[in-house]
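Tertiary structure, described
One letter stands for each residue in the lines below.
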Amino acid sequence: DEVLAAAHRLEEAGIPPEEMEGREDFRGLTVFTIDGADAKDLDDAVSLEQTEEGWCLGVHIADVSHYVRRGSALDEEALKRGTSVYFADRVIPMLPEALSNNLCSLHPGTDKLTLSALLYYDKKWNFKKSRLTKSVICSQLKGVYSEVNDIFHDAATAQVREKYAPIKASLVQ
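This section reports on the structure supplied with the text. Keep in mind it's a predicted model, so treat the numbers as computed, not measured. Each chain has its residues counted from 1, following the order in which its sequence is written. Local features are withheld for residues below a pLDDT of 70 in this predicted model, meaning they are given only at 70 or higher, and side-chain atom pairs are given and counted only at 80 or more; totals for whole chains, interfaces and linings count all residues. The basis for the side-chain values is all heavy atoms of the structure; hydrogens and waters are excluded.

Mapped onto the elements of the fold, D35 is located in strand β2 (residues 31-35). Accessibility here uses a 1.4 Å probe with only protein chains present; expressed as a share of the type maximum, an area under 20% marks a residue as buried, one over 50% as exposed, and anything in between as partly exposed. In this tally, Asp and Glu contribute negative charge and Lys and Arg positive charge; neither His nor the terminal groups of the chain are included. We define a salt bridge as a contact between a side-chain nitrogen of Lys or Arg and a carboxyl oxygen of Asp or Glu at a distance within 4 Å. No salt bridge is formed by the buried D35; its nearest oppositely charged neighbour, K142, is found at 7.2 Å. When near neighbours in sequence (up to four residues on either side) are disregarded, D35 contacts L42, G143, V144 and Y145. For helices the rule is a DSSP run of H or I covering at least 4 residues; for strands it is a run of E covering at least 2, with both sets numbered from the N terminus onward. By the convention used here, residues are in contact when the closest approach between their heavy atoms is within 4.5 Å.

Given below as structure tokens:
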């Protein structure tokens, strides 16, 4: 009960404005997730932007540590569970659904706190450098593995091609 109440309080509070101030703002980037069709815990997203020197690949991971503080009831319960457990017909999440499927899930059209790894490449895709930063993103699209594969194999329906049109440039680089 204590864990669920803590998760509910966090869900109601949302993102505190002061938390946005100390983060890099990547909400203007083309950011998207790619997961299975029935995924609910979208905890990672990607972006790909051309730079003067080449490319920047962004890997944006939900900032669970912002919500689950060391020693809190949420932290203790997560330590007991260790991981989410996936069955064919259901998931038993490590964290309450208010976190795993909402606050820490990178659903399209919602601002989310993230930790971002920025990987820089030259124009020939030679790795140059990387950096990590606290960030905020707004995912543009919930991608699905099978649909993305259809795009890559030129087998996508018109509806799928239309869905991915906003991020197509990022997919085909």
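Still to come is the rest of the account.
A patch is a set of surface residues, each over 30% in relative accessible area and not in a salt bridge, joined within 9 Å for like charges and within 5 Å for the nonpolar side chains Val, Leu, Ile, Met, Phe, Trp and Tyr. Computed with the Shrake-Rupley method and a 1.4 Å probe, the accessible areas treat only the protein chains shown as cover for residues. Residues V85, F87 and I92 make up a contiguous nonpolar surface patch of roughly 230 Å² in combined accessible area. Tracing the sequence through the fold places V85 in strand β5 (residues 85-86).

Next up on the list: the environment of A73. One can find A73 in helix α4 (residues 73-81). Sequence-wise, A73 and T51 are 22 residues apart; in three dimensions their C-alpha atoms are separated by 43 Å. What A73 contacts, discounting residues up to four positions off in sequence, is E2 and V3.

Only strands joined by at least two bridges in the DSSP assignment are considered to pair. Of the strand pairs in this sheet, strand β1 (residues 24-25) and strand β8 (residues 127-138) are connected by two bridges, and their pairing is parallel. Note on β8: the bridge partner recorded for E24 is S135. Both strand β7 (residues 111-122) and β8 contribute to a ladder of 11 bridges, which runs antiparallel. Bridge assignment links L119 to a residue of β8, and that residue is S130. Hairpin connection of β7 to β8: four residues between the antiparallel strands, including W125 at a positive phi of 65°.

Okay, the side chain of H60 next. Assignment of secondary structure puts H60 in strand β4 (residues 54-62). H60 sits in the buried class, given a relative accessible area of 0%. A distance of 2.9 Å separates the side chain of H60 from the side chain of S47, its partner in a polar contact. Within 3.5 Å is the distance limit for a polar contact, defined as a pair of N or O atoms, with the added protein rule that one can donate a hydrogen and the other accept it, and that residues adjacent in sequence qualify only through two side-chain atoms.

Okay, the environment of V68 next. Among the secondary structure elements, V68 is positioned in the loop between α3 (64-67) and α4. The sequence separation of V68 and L99 amounts to 31 residues, and the corresponding C-alpha distance is 9.2 Å. Every residue in contact with V68, bar those within four places of it in the chain, is listed here: L74, D75, L95 and L99.

Before going further, it helps to spend a moment on the pairing of strand β3 (residues 44-50). Sheet analysis places β2 next to β3, joined by two bridges and oriented antiparallel. Note that in β3 the partner of F32 across the bridge is V46. In the sheet, β3 pairs with β4 via seven bridges, with the strands oriented antiparallel. Bridge pairing in β4 places A45 opposite H60. Here β3 folds back onto β4, and the loop between the two strands holds three residues.

For the rest of this paragraph, the subject is the nonpolar core. Nonpolar cores were defined as sets of buried Ala, Val, Leu, Ile, Met, Phe, Trp, Tyr and Cys residues, with membership established by side-chain atoms within 4.5 Å. One finds Y67, L74, L99 and I137 to be the most contacted residues of the largest nonpolar core, which totals 22 residues. Within the residue set of this core, elements represented by two or more residues are α1 (2-13), β4, α4, α5 (97-103) and β7. The residues touching L99, leaving out its near neighbours within four places in the chain, are A7, L10, Y67, V68, L74, C104 and S105. Within the second largest apolar cluster, 10 residues are counted, among which are L141, I151, V160 and L171.

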